[in-house]
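# Structural description and commentary
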Amino acid sequence: MHVVRDVLDKKLLDHEDESMGRIDGLVMQIGKSSQPRITHIAVGGATLWARVHPTLGRIARRMAGKWGPKRREKVRIPWSRVRTVGRDVTLDVEAKHAGAIDWEIWIARHIVERIPGGGHEEPDDGD
Amino acid sequence: MKKILQISLGIVTAVGGFLEIGSVVTAVQAGASFNYQLLWAVLLGTICLIFLVEMSGRLAAVSKHTIVEATRERFGFPFFFIVMIGMTLVAFLVLVAELGGIGLSLQILTGIGFPWWAIPVSFLVWLLMWKGTFGLIENGASLLGLVTLSFVVAAVRLHPDWGSAAHGLLPTFPGARKASYWFVAVSILGASISPSLMYFYSSGAIEDEWDESYIPINRLTATLGMSLGGFLSMAVLVVAALVFHPRGIDVQKFEQASLLMTTALPKWGFTLFALSMLFACFGAALEISLAIAYFFAQGFGWNWSEDLAPSRDARFCLTYTIIILLGAVPLLFGVDPVKVTVMSMALTSATLPLAIVPFIFLMNDPIYLGKHRNGWLSNSVVLIIILLSFILAVISIPLELIGG
Amino acid sequence: MEIELELLIGRKVRDVDGANVGRIEEFRVERQQNALLVEAYLIGASALIHRLSAWTLVRPIQRFLSAKSIYSVYEVPWQDMDLTDPHNPVLRTAKRDLRHSR
């Protein structure tokens, strides 16, 4: 398997095939003499924008801490939660618990649902 | 039966995507200034679009990915970001032009200036996206868009010399006013070969849940749909050639263009023009707003679907809400939609390579298309389009400055 | 040590003598239950060209470029890559000892 071609930037789906964003980054553990291992999937603006330019990554990090769901740590999903790697990558987690769709839930609750016709369901109510 | 109805995706893409303020303005200018001479540009644009749209549909049906999704996944985010910036900026300008087109149509019908229509029109476009489903938009816009067939009726009633018109389908070099000729030619191509149209169509194919069995209907839809669009544009050009050219009228304002059909259809011509523009621009505004919102949502991996209630794809809906609101702003300040149209077409030509070059890579990717990859014919056409788009990119801006 | 893999893509790699080898383009991995084990790094002249090399249009171009030594993709086993400074990846071998990727 090739990571850049087959894993990075792929869509993430949770255990009910709900969309969870994309694989924006991957965390690799290296040691002095041990084989490098990719242990986590990283999701989120800070990870994503850093790929374009480190300054953009820093700005995204700061904004994530100040606005919306005000998340301080990056969203990381352990590779052990990956079920399949194919067209998309499916995980065996529930979307709303993984932190990957915090922004979606926040915008739904604070903005969209306040507008008439916006609906009143949570994005992942498993219907 | 359902598959045949898919033709409506082709029609809405044609009428809202192909025939909109840009193509009408350029077709009228072409006919008024150069008689039938530039029909070849419309034909060329139509042929290119048929191939590009067919490929967009095929990519979506086979890979179950839209062009945007496939671009991010195969090229990575940093490259994708460059494409996104270019495409969405130009698309936003086109949105302003289309919203302005709706406003201008209402202006000539009611006498109330288009800046006053900016807010109500944007609100209506937004409301339709907020409450409507993809099917409603697709079919509604198609049906209403059929009023543009009145352009064909007008053309026939004016008894053109079909022989000379047919001559115009072959490229000729201009005698006088060379810069202006090539500028209009480039504008016609910029108005027809619009990447937003491709992005919209491939997303529509996913919304309509196409799969490999839809490949034949996709070919039919793309061909018939884009041919209809091209045919309508040609009708506009022919009418303009017959009405404005003999009188030496250089059409610069929307109000002048509105007299297009009054010679052929004295009683209804004016109203039919206004309604045609109204519905075509409305369809276009919906498509462009969707195309931009799709770009963000698909690129970043958000939920996106016109069929979902807004709270289920909140970021997607917030995106199009903000875009439509922003689109109304220039119009509120009285910025001339026709000028924005002309500028947006030059910029579309200039940024075309950004969209088409990654696209040819995708259309040859066995991972996405398997045995449905491009054959030699499709690849040859795309390579020619890429060449054309680089030429357009290089000459469109200078030409606008000289000949516009 | 933890590294953000996505930031390694496109980073310039030097060999043990300091010569320029190319840029990190791809990572060949073996999938396991809890992690992906990195088997080898693919180093090449252009990050973009190799990413797209899985298909028909570019292969003939790539083969042409490889033949003329304009463009090659090297396969570096994980043991031969030193990432202690992730901003300056260094090989533990010399460029001439590298294997070409298929």
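Residues numbered from 1 in each chain as written. Chains lettered and ligands numbered in written order. Predicted model: local features only at pLDDT ≥ 70, side-chain atom pairs only at ≥ 80, totals over all residues.

### Observations concerning the overall build of chain B
Looking only at helices and strands, chain B features 19 helices and 0 strands. In terms of C-alpha radius of gyration, chain B reaches 20 Å, essentially the compact-globule figure of 22 Å for 404 residues. Along the longest, intermediate and shortest principal axes, the C-alpha atoms of chain B span 55 × 45 × 45 Å. Counting every position in chain B, which comprises 404 residues, the buried fraction comes to 62%. Within chain B, contacts between residues separated by at least 24 positions form 86% of all contacts whose residues are at least 6 apart in sequence. (Helix = DSSP H or I, 4+ residues; strand = E, 2+ residues; numbered from the N terminus. Rg over C-alpha atoms; globule rule 2.2 N^0.38 Å. Buried ≥ 20, exposed ≤ 12 C-beta atoms within 10 Å, placed from the backbone. Contact = placed C-beta atoms within 7 Å.)

### Thoughts on the overall build of chain A
Scanning chain A from terminus to terminus reveals 5 helices and 7 strands. Put simply, chain A runs from its N terminus to its C terminus through helices and strands in the order α-β-β-β-β-α-α-β-β-β-α-α. A principal-axis box enclosing the C-alpha atoms of chain A has dimensions of 60 × 35 × 20 Å. For chain A, with 127 residues in total, the buried portion stands at 43%. Contacts spanning at least 24 positions in sequence make up 45% of the contacts within chain A whose residues lie at least 6 apart.

### A look at the packing of helix 9 (residues 150–157) of chain B against helix 13 (residues 215–243) of chain B
All names here are of chain B. Close contact between helix 9 and helix 13 brings their axes to 8 Å; oriented N to C, the two are set at 40°. Judged on the interaxial angle alone, helix 13 and helix 9 are oblique. By crossing handedness, the relation of helix 9 to helix 13 is classed as left-handed. Counted together, F151, V152, A154 and A155 of helix 9 and L232, A235, V236, V238 and V239 of helix 13 form the full contact between these two elements. Taken together, the residues of the contact of helix 9 with helix 13 break down into 9 nonpolar, no polar and no charged. (Axes fitted to C-alpha atoms, helices over the stretch in contact; angles between N-to-C directions. Parallel < 35°, antiparallel > 145°, perpendicular 65-115°, else oblique. Left-handed = near helix turned anticlockwise from the far one by under 90°. Nonpolar A, V, L, I, M, F, W, Y, C, P; charged D, E, K, R; others polar.)

### Focus: the sheet that holds strand 6 (residues 82–85) of chain A
Residue and element names in this part refer to chain A. A sheet is described by the order of its strands in space; here 4 strands give the open sequence 2-1-7-6, paired in mixed fashion. Taken across any chain shown, the strands that pair with only one partner, and hence form the sheet edges, are strand 2 (19–22) and strand 6. Neighbour-to-neighbour, the strand axes of the sheet open up by a mean angle of 25°, direction not taken into account. As judged from the 2 bridges shared by strand 1 (residues 11–13) and strand 7 (residues 89–91), these two strands associate in the parallel manner. Each residue of the ladder has a partner; that of L13, found in strand 7, is T90. (Pairing = 2+ DSSP bridges.)

### Considerations on the interface of chain A and chain B
On the chain B side, the residues contacting the 25 residues of chain A number 21 residues. Mapped onto the side of chain A that touches chain B, the elements with two or more residues apiece are strand 1, strand 2 and helix 5 (102–110) of chain A. Here the side of chain A that touches chain B gets 4 residues from one element, more than from any other, and that element is helix 5 of chain A. Taken together, the residues that form the side of chain A that touches chain B break down as 10 nonpolar, 6 polar and 9 charged.

### So, the interface of chain A and chain C
Facing 21 residues of chain A, the contacting portion of chain C comprises 23 residues. With 5 residues, the top contributor of residues to the side of chain A that touches chain C is strand 3 (residues 25–29) of chain A. Taken together, the residues of the side of chain A that touches chain C break down into 12 nonpolar, 6 polar and 3 charged.

### Remarks on helix 11 (residues 178–192) of chain B
With 15 residues, helix 11 of chain B should cover 21 Å at 1.5 Å per step; its first-to-last C-alpha distance of 21 Å lies within 8% of that length. For helix 11 of chain B, the tally of buried residues reaches 11 of 15 residues, placing the bulk of the element in the interior. (Expected span 1.5 Å × (residues − 1).)

### Considering the confidence of the model for chain B
Looking at chain B as a whole, the pLDDT averages 89, with 97% of positions reaching at least 70. Taken over the whole predicted complex, pTM reads 0.89, whereas the ipTM for its chain interfaces reads 0.87. (pLDDT = per-residue confidence, 0-100.)

### Observations concerning the nonpolar core
Grouped together as the largest cluster of nonpolar side chains are 206 residues, with contacts concentrated most on L26(A), I38(A), L237(B), V239(B) and A240(B). The element best represented in this core is helix 15 (residues 269–300) of chain B, accounting for 21 residues. Excluding anything up to four places from it in sequence, A240(B) contacts A27(B), V28(B), G31(B), A32(B) and L260(B). (Core = buried A, V, L, I, M, F, W, Y, C linked by C-beta atoms within 7 Å.)

### As for the packing of helix 6 (residues 77–110) of chain B against helix 7 (residues 114–131) of chain B
Residues and elements named next belong to chain B. At their nearest, the axes of helix 6 and helix 7 sit 8 Å apart, and the two run at 120° to each other. Here helix 7 runs oblique to helix 6, going by the angle between their axes. Crossing geometry of helix 6 relative to helix 7 is assigned as right-handed. Contacts from L99, G100, I102, G103, L104, L106 and Q107 in helix 6 reach F114, W117, A118, V121 and S122 in helix 7. Its residues assigned to classes, the contact of helix 6 with helix 7 comprises 8 nonpolar, 4 polar and no charged.

### Some points on the environment of K10(A)
When you line up the elements, K10(A) lands in the loop between helix 1 (3–6) and strand 1. K10(A) sits 49 residues away from I59(A) along the chain, and the two C-alpha atoms are 24 Å apart. What K10(A) contacts, discounting residues up to four positions off in sequence, is R22(A), I23(A), D88(A), V89(A) and E73(B).

### Topic: helix 3 (residues 54–66) of chain A
Over its 13 residues, helix 3 of chain A runs 19 Å from end to end, which matches the ideal 18 Å to within 8%, given 1.5 Å per residue. Just past helix 3 of chain A, the residue G68(A) takes up positive phi, approximately 55°.

### Section: the pairing of strand 2 of chain A
All names here are of chain A. Where strand 1 meets strand 2, 2 bridges bridge the pair, whose relative direction is antiparallel. Across the sheet, L13 pairs through a bridge with S19, a residue of strand 2. The turn linking strand 1 back onto strand 2 is made up of 5 residues, and D17 within it adopts a positive phi angle of 65°.

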